[in-house]
Amino acid sequence: RVFGRACRLFNTTRDPAMNLAEPLLPVASPTPATPAGASGSGGVGFGIGSGAIGGARRVLGIVQEYVEALGASLGVESEEEARACVWLGLQAHLANAVFTIGRNIGPAMFIAKAGAAQLPIVMFISGFSVIGIGPVFAKWSKGKRAAKVNYEFCLLSAALLLLLPLPIAMSTPGSALGIAAAYMLFLAEDLLPMLLMMQSSSLAQGSLTGHAAKRLLGLIQLGCSTGAMTAGLAIAPLVRTFGSTALLFVQVLLLLASLWPNHMAWWYEDFDEGREGKKKEVQDASAAPTTSPAGPQKADDSQRAAQQPIYRSPMIVALAINTFGIIFCKTIVEYQYNVLLASVLSTDEMVAMTGQLYAAAGFSASVLNVFNSPMMRALGITTTLLICPVSLCVSALAFAAVPLVWAAFLGRLVDLTLRWSINNSTKSLLWIATPREMQVRAKPIIEGTVKKMTGSCTAFCIGVVSVILVGDHKLRALALLSAAVAAASSVVCASSGRMYHAAMWAQIDRRELVLDEDADRARQYGSSGLVDFEGTIEIDPVMAAMVLEKLQSAPPQVQLYILRGMGERLPDAAWRTFLESPLTGFESLAPEVQVEVIRLCEKAPARFSHRRLLDFVRHRLDYEESPPARGAGLTRAEVADKYQTERATAYAILATGTRRLMDAKPLLARLLESRKASLRGAAAAALLRLRRGGGPRPP
């Protein structure tokens, strides 16, 4: 996109009176009679300049094509989405760089100042401190934009981190001041980066719709994983040059730098909110004639579901259990890694080694994030959810068999790689499947309180096991405990996939889920003729069967909603089953649904055959020529139904002309005498199309 803008700017915005290829000073053109030794550089310069500029244009054009093709292959469908990915990815990059540095220097400097024996104690305190911090953070962020909360929190975190270097530098290991400074440092580096990453995730989730999130979250997570990679690579030279304490100032600089992409994401959030509000008004207005009496009741049910206690939501409970399992395993493998490394390396060496670990994990997560969306489409949400807990269970069993430094390093590498890629993306999808009001109330609790309480619970378990066992036996027992928790979390993940599908279908029932951006834009700005929407949802055979089942049993407004969002991607066999079923055939559909079906099947006889189309037109013509006897007055519902029936007939007449059905000529000639102007106009337009050439006979 940037290269494309550069090409357009270069070609269209320069002054047409000025030839940029000519030199600014008048230089005579060279001639064959130019004396030997005379300057002929003017003409040569002109030729070189023209060739260079033309070559630059061609190169920029080629690069633009490759960049657009790359973006399309990665799931980016518009320049607007590309900008959102860039700013959100950059913000996640800087936030995770701060997180990576904090996770490095926090445990290492704590062990250096207070000793490894007090590490479970400070982990326990850190977990319980979230009981007070979590509700305060939730209350503070309630009613604010995600970008505004992130802006204020970055400034607050930078100010707090600036207070830590002085007591760290003035204290000695084992002294009262040293131990107090170590506790303050660990708590700050444990809580502040955790809340920062939570808010960074909220930025992305608040700016993306459900189907856009499935395509773009992997790219945004790519920025997150590259942040860990670059920070991990930079830690070792920074520590060797300036020492571990200098990393606190690096964190402050990164926090201040993140205000720039946060400002751009704030603008995008404002723009996106205004656009979605306008879309909602148009959708509500267009859906008003087809709303059933159950519509308001469904809306009330949706509001009550969003306002119910969070512990009554199965999806929220599953998210809490999954978070508990992942953090429990992560805390144990982190403890094993820190204890083993502290026994063989100095503080600076430990920080440098951990930086290399984070760099390797960032690279691995970046590779996974590139293929995240294709992986979720190929494997499905349930299988993708199972990857993280199953891998943690296997790595824990491997460490129990071989409790060495390299096994702890590999276990930590697996944990970081999966949490920064697959786990974050799938968890974001589960959050999107929950109502927005419930997200605001539940996310600080799960991402803050549950995470840190899990850390406290894990620290308590580590303390109990440390009293009973020592040495390698202690580490083996902790690894087996971690494997058991990961196995239990796998069972919950399997049920989370089913709950995700159920929650998304519930949003479709309430018409709260945006299925197709292109169709929404066409309905927002208006369209003429029969529109062929290009959907954005890939439908596999399993999904096609689910959509078909929903279409056959859903009320008209839900059928309309699904057809507009998924109709173009539905296989032809599913269309034929839907339209030829004795119970849900085309003739039994509501008139407004018939209109949408004809719009989508106008150029697709494999979905809706020529013969069925002609039979429908013939049936409507017979009805128009000999209507049944009615009373003098019509109710408002009957008037609306009559209008929609007339629209369906007009669209069917136009479709006969589009398909070049020559057998429709007698019917169209009779329709020219219809009492309704819309049917006469449609018949005339269809006959004009038939005059352009012959067409197929009905099968």
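Residues numbered from 1 in each chain as written. Predicted model: local features only at pLDDT ≥ 70, side-chain atom pairs only at ≥ 80, totals over all residues. Heavy atoms only, no water.

Visitor: Mind laying out helix α22 (residues 572–580), listing which residues take part and the relevant values?
Guide: By the burial criterion, the buried members of α22 are Ala574, Trp575, Phe578 and Leu579. Buried residues in α22, looked at end-on, bunch into an arc of 120°, giving them a common side. (Buried < 20%, exposed > 50% of the residue type's maximum accessible area, 1.4 Å probe, protein only. Helix = DSSP H or I, 4+ residues; strand = E, 2+ residues; numbered from the N terminus. Arc of directions from axis to C-beta.)

Visitor: An account of the pattern of salt bridges is requested, with residue identities and associated values reported.
Guide: Within this structure, the stated rule accounts for 9 salt bridges. Its salt-bridge partner being arginine 419, residue aspartate 415 comes within 2.9 Å of it at the nearest N-O pair. Pair noted here: aspartate 415 and arginine 419 are both in helix α16 (residues 405–432), with a separation of 4 residues, about one helical turn. For the pair formed by aspartate 415 and arginine 419, the shared burial category is buried. The residue glutamate 596 makes a salt bridge to arginine 599 at a minimum N-O spacing of 3.7 Å. Separated by 3 residues within a single helix, glutamate 596 and arginine 599 lie in helix α23 (residues 591–601), roughly one turn from each other. Given a relative accessible area of 14%, arginine 599 falls into the buried group. By sharing partners, the salt bridges in this structure join Lys330, Glu334 and Arg412 into a single network. (Salt bridge = Lys/Arg side-chain N within 4 Å of Asp/Glu carboxyl O.)

Visitor: Give a description of empty space enclosed by the protein that names residues and reports values.
Guide: Summed over all chains, the structure comprises 4 cavities of 30 Å³ or more. Its volume calculated, the second largest cavity comes out at about 90 Å³. Mapped onto the lining of the second largest cavity, the elements with two or more residues apiece are α12 (314–342), α15 (381–401), α16 and α18 (471–509). The residue makeup of the lining of the second largest cavity, split by class, is 7 nonpolar, 4 polar and 1 charged. (1 Å grid on protein atoms, 1.4 Å probe; cavity = no way out; pocket = protein on both sides within 12 Å on 5 of 7 lines; lining within 4 Å. Points joined across faces, edges and corners; volume = space filled by probe spheres on them. Nonpolar A, V, L, I, M, F, W, Y, C, P; charged D, E, K, R; others polar.)

Visitor: Go over the environment of arginine 145 with me, naming the residues and quoting the values.
Guide: As for its position among the elements, arginine 145 is in the loop between α4 (119–141) and α5 (146–161). For arginine 145, a relative accessible area of 29% translates into the label partly exposed.

Visitor: I'd like a rundown of the nonpolar core, residues and numbers included.
Guide: Formed by 75 residues in total, the largest nonpolar core has its most connected members in Phe110, Leu119 and Trp420. Excluding anything up to four places from it in sequence, tryptophan 420 contacts Asn96, Phe99, Thr100, Gln221, Ala228, Tyr358, Ala361, Gly362, Ala365 and Asn369. (Core = buried A, V, L, I, M, F, W, Y, C linked by side-chain atoms within 4.5 Å. Contact = heavy atoms within 4.5 Å.)

Visitor: Residues and numbers for unusual backbone geometry, please.
Guide: Phi is positive for arginine 660, which is not a glycine, with a value near 60°. Relative to the assigned elements, arginine 660 resides in the loop between α25 (636–658) and α26 (665–671).

Visitor: Explain a nonpolar patch on the surface residue by residue, including any values.
Guide: Nonpolar side chains collect at one region of the surface, where Ile121, Phe124, Ile125, Phe128, Ile131, Phe460, Val464, Val467, Ile468 and Leu469 lie side by side and expose about 910 Å² of accessible area between them. The set of elements that each furnish at least two residues to the nonpolar patch consists of α4 and α17 (436–468). Structurally, the position occupied by phenylalanine 124 is in helix α4. (Patch = residues over 30% accessible without salt bridge, like charges linked within 9 Å, V, L, I, M, F, W, Y side chains within 5 Å. Areas by Shrake-Rupley, 256 points an atom, 1.4 Å probe, with all protein chains shown as cover.)

Visitor: So, the environment of alanine 228: which residues are in play, and what are the values?
Guide: Assignment of secondary structure puts alanine 228 in helix α8 (residues 210–242). Sequence separation of alanine 228 and serine 366 is 138 residues, and the distance between their C-alpha atoms is 9.7 Å. Setting aside residues no more than four positions away along its own chain, alanine 228 makes contact with Asn96, Thr100, Tyr358, Ala359, Gly362 and Trp420.

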